[in-house]
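Analysis of the macromolecular model
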Amino acid sequence: MSYIEIRNIFKIFGPDPEGALELARAGSDKDEILTKTGHTVGLHDVSLSIEQGETFVVMGLSGSGKSTLIRHLNRLIDPTAGSVSFGGEDILAMDIPALNAFRRKRLGMVFQRFGLLPHRNVMDNVAYGLEIQGTDRKSREAAASKWIERVGLAGYEAKFPDQLSGGMQQRVGLARALATDPEVLLMDEAFSALDPLIRSDMQDELMKLQAELHKTIVFITHDLDEALKLGDRIAILKDGKLVQVGRPEEIILHPADDYVQAFTRDVNRGRVLRARSVMQRLTPGSERSEDDSNAPVIRDDTRLEDIVSISLKTGQTISVMDRDDNRVGLIDRDQVISALSR
Amino acid sequence: MFPEQLNVPLGKWVNQFVDWLVINYGAAFEAFADSLLTVLVALEQVLRGAPWWVVLIAIAAITWHASKNWKLAVGLVIAMFAIGTLGLWDKAMQTLALMIVATSLSVIIGVPVGIAMAMSNRLRAIMLPVLDTMQTMPSFVYLIPALMLFGLGKVPAILATVIYAAPPVIRLTDLGIRLVDQEVLEASRSFGASRKQILFGVQLPLALPNIMAGINQTTMMSISMVVIASMIGARGLGEQVLMGIQRLDVGAGMEAGIAIVLLAVVFDRIGQAYGKRSQRSHAEDV
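Here the residue numbering is sequential within each chain, running from 1 through the sequence in written order. Written order determines the labels here, with chains lettered from A and ligands numbered from 1. Predicted model: local features are reported for residues with pLDDT of at least 70 only, side-chain atom pairs are reported and counted for 80 or more only, and whole-chain, interface and lining totals are derived from all residues.

**Quick look at the overall build of chain B**
Counting secondary structure elements, chain B contains twelve helices and zero strands. Listing the helices and strands of chain B from first to last along the sequence gives α-α-α-α-α-α-α-α-α-α-α-α. The C-alpha extent of chain B, read off along each of the three principal axes, is 60 × 55 × 40 Å. Burial status across chain B gives 38% buried among its 286 residues. Distance between backbone-placed C-beta atoms decides contact: two residues are in contact if it is within 7 Å. In chain B, the proportion of contacts linking residues at least 24 apart, taken out of those at least 6 apart, comes to 77%. Here a helix means four or more residues in a row that DSSP labels H or I, a strand means two or more in a row labelled E, and each is numbered from the N terminus. Counting other C-beta atoms within 10 Å of each residue's C-beta, where C-beta atoms are placed from the backbone, gives the exposure class: buried for 20 or more, exposed for 12 or fewer, partly exposed between.

This is the structure:
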């Protein structure tokens, strides 16, 4: 059983969701149900398993139900049918006090338009989660200061949100979510409102933090490049239905359908694909022993864009090593070119 | 002619209802009236008993506190001084006491009702026509039952003023809370804030500029009620206007009218300054 289990979630918006639920279960799609009953299908039979410590990205265009989905994880929205559990605990069975305790202790959320409290300064915003928990001022400000410094905002404690740039505001949002030391970080299009350069900075920052903190992160985005960069695994939603779940390379190399294929067309393959999915695999015993003493050697998780430059420089066949320094594959120049061009 | 058979004896019913109220609950109304009167009389004594220059200093201090603008403070002190030079100081203090009590009562009743309306769409649907009625019904109509329940004097005047002046603060409290950014509310909920923590930590502080605007309007409307309130025995500037009408003394009416306007200006500027302050409570930190 995975850490977060989402089982057969349906969410239907409208005055009589039960009636429309029957139709959805019988196989009608979003448009059909909308014209027949006037109800909007937010999520259609979505099941996901999210492991502890992974960065799980949910990708989809607007209206795909991705923001609805993430709100099921902390019950900002309740499903019409289905179940959600954390570590085997059914969160839909919680009453209000239990739910609030669960939200306080175990979850942190970051919002697209930041959701900062405009009447509180940076310090009080970051300390907000701890204040809700009832932590005394001194210890919550100590924790908040630590996170403010961590996200690079030391010296801005007394500023108010409207005095900060978008990127800085989102740093406050991130610090606020981390200050309660939650197990799970929910990020709803957290970087979508930022300029491209700032966005890229924030992505790097998040990856750096995650390398140390090993939180479980559920990240929502409409940007496939962002999904591929951040995600250990990616789920793609369309019209409330799950289209594909997989590692970034699986999505690129084996798109489940035309919809996913259309997304992946413009992706920078050099950045996503790694040596292990490009190389020609060596079967044990078939090792060639020709002058490989001075052939270039790379790790199996080297990105294709880095392989290109090595291949161009040397012109030789490259040996691919796994983590334990066993030679697992070979890449020649033709393979590099064909991997890029597909 | 409209057929007489279809007449509804609404007036008779209302009379019977008011009679029933007076007979059964007269004592309760009297007790309520007495406690309200105690507060009003005490306030009136303080304001009328205080030397005029103490009141002026108080006005200056409040204005400074609200606006940090000494020009405005001086201006409002001059306005109050002008009321004194018209020979209406004592009456203005009576009106002031009446207004303060009526406005406070409006806020005490209005803010919770506004909060409740913001929480419940059903209550809102019921309250909106009630508020419209409160504001459009000619005030004399509800002065009559107020008179029967409380007798002539200050208490029915205050109640009539509250009925007339409370709607803006109710409406703007409701509006202010409804206008709070949904994402901020979601953020607060996502951190596990209870309803009480959300109300006092997020919704009310963020609705404060609108609530302050509502209080300001409520104050202005209660000033405009003072003339009418004087017809049922409330003392003060309205009394002077009424006397002007009865004696066809244009000058006396004009003097009292100007005094009312000056008092309104003083209250409006102070109220607006507090409203602005609540909008940018951190402006000084920039």
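On we go.
**Thoughts on the interface of chain B and chain A**
Across the contact, 18 residues belong to chain B and 20 residues belong to chain A. Secondary structure elements with two or more residues in the side of chain B that touches chain A: helix H8 (182-190) and helix H9 (195-224) of chain B. The element contributing the most residues to the side of chain B that touches chain A is H8 of chain B, with six residues. The nonpolar class holds Ala, Val, Leu, Ile, Met, Phe, Trp, Tyr, Cys and Pro. Asp, Glu, Lys and Arg form the charged class, and all remaining residues, Gly among them, are polar. Along the lines of polarity and charge, the residues of the side of chain B that touches chain A split into eight nonpolar, six polar and four charged.

**Describing the environment of Gln 94 of chain B**
Residues and elements named next belong to chain B. Counting through the fold element by element, Gln 94 comes out in helix H4 (residues 89-119). In this structure Gln 94 comes out as buried when scored by C-beta crowding, with 23 C-beta atoms within 10 Å. A sequence separation of 47 residues divides Gln 94 from Leu 47, and the C-alpha atoms of the two residues are 7.8 Å apart. When near neighbours in sequence (up to four residues on either side) are disregarded, Gln 94 contacts Glu 44, Arg 48, Arg 235 and Gly 236.

**Examining the sheet that holds strand E1 (residues 4-13) of chain A**
Residue and element names in this part refer to chain A. When DSSP finds two or more bridges between a pair of strands, those strands are recorded as paired. Pairing is antiparallel across the open sheet formed by four strands, whose spatial order is E2-E1-E4-E5. Only two strands of the sheet have a single partner each, and these edge strands are strand E2 (40-50) and strand E5 (89-90). Sheet topology note: the E1/E2 ladder contains seven bridges and is antiparallel. Each residue of the ladder has a partner; that of Ile 12, found in E2, is Val 41. Inter-axis angles, ranging from 0 to 180 degrees, are taken between N-to-C directions of lines fitted to C-alpha atoms, where helices are fitted over the stretch in contact. With respect to the sheet, helix H1 (residues 17-25) is in contact with E1, E2 and strand E4 (81-86), its orientation differing from that of E1 by roughly 115 degrees.

**Here's the deal with unusual backbone geometry**
Residues and elements named next belong to chain A. Even without glycine at this site, Asp 181 takes up a positive phi of about 50 degrees. When you line up the elements, Asp 181 lands in the loop between helix H8 (166-179) and strand E7 (184-188). Under the C-beta neighbour-count criterion, Asp 181 is labelled partly exposed, with 14 such atoms within 10 Å.

**Comments concerning the UniProt feature "domain: ABC transmembrane type-1" (unreviewed entry) in chain B**
UniProt positions are given in the numbering used here, feature names are shortened, and annotations may be inferred rather than shown by experiment. The feature "domain: ABC transmembrane type-1" (unreviewed entry), as annotated in UniProt, sits at residues 92-271 of chain B in this numbering. The span residues 92-271 of chain B shows a helical share of 87% and a strand share of 0%, and its end C-alpha atoms are spaced 18 Å apart.

**Observations concerning the environment of Ile 50 of chain A**
Residues and elements named next belong to chain A. Its location among the elements puts Ile 50 in strand E2. Given 23 C-beta atoms within a 10 Å radius, Ile 50 is considered buried. The spatial distance from the C-alpha of Ile 50 to the C-alpha of His 72 is 14 Å, given a sequence separation of 22 residues. Once you skip the residues sitting within four places of it in the chain, Ile 50 turns out to touch Ser 2, Tyr 3, Ile 4, Phe 56, Thr 216 and Val 218.

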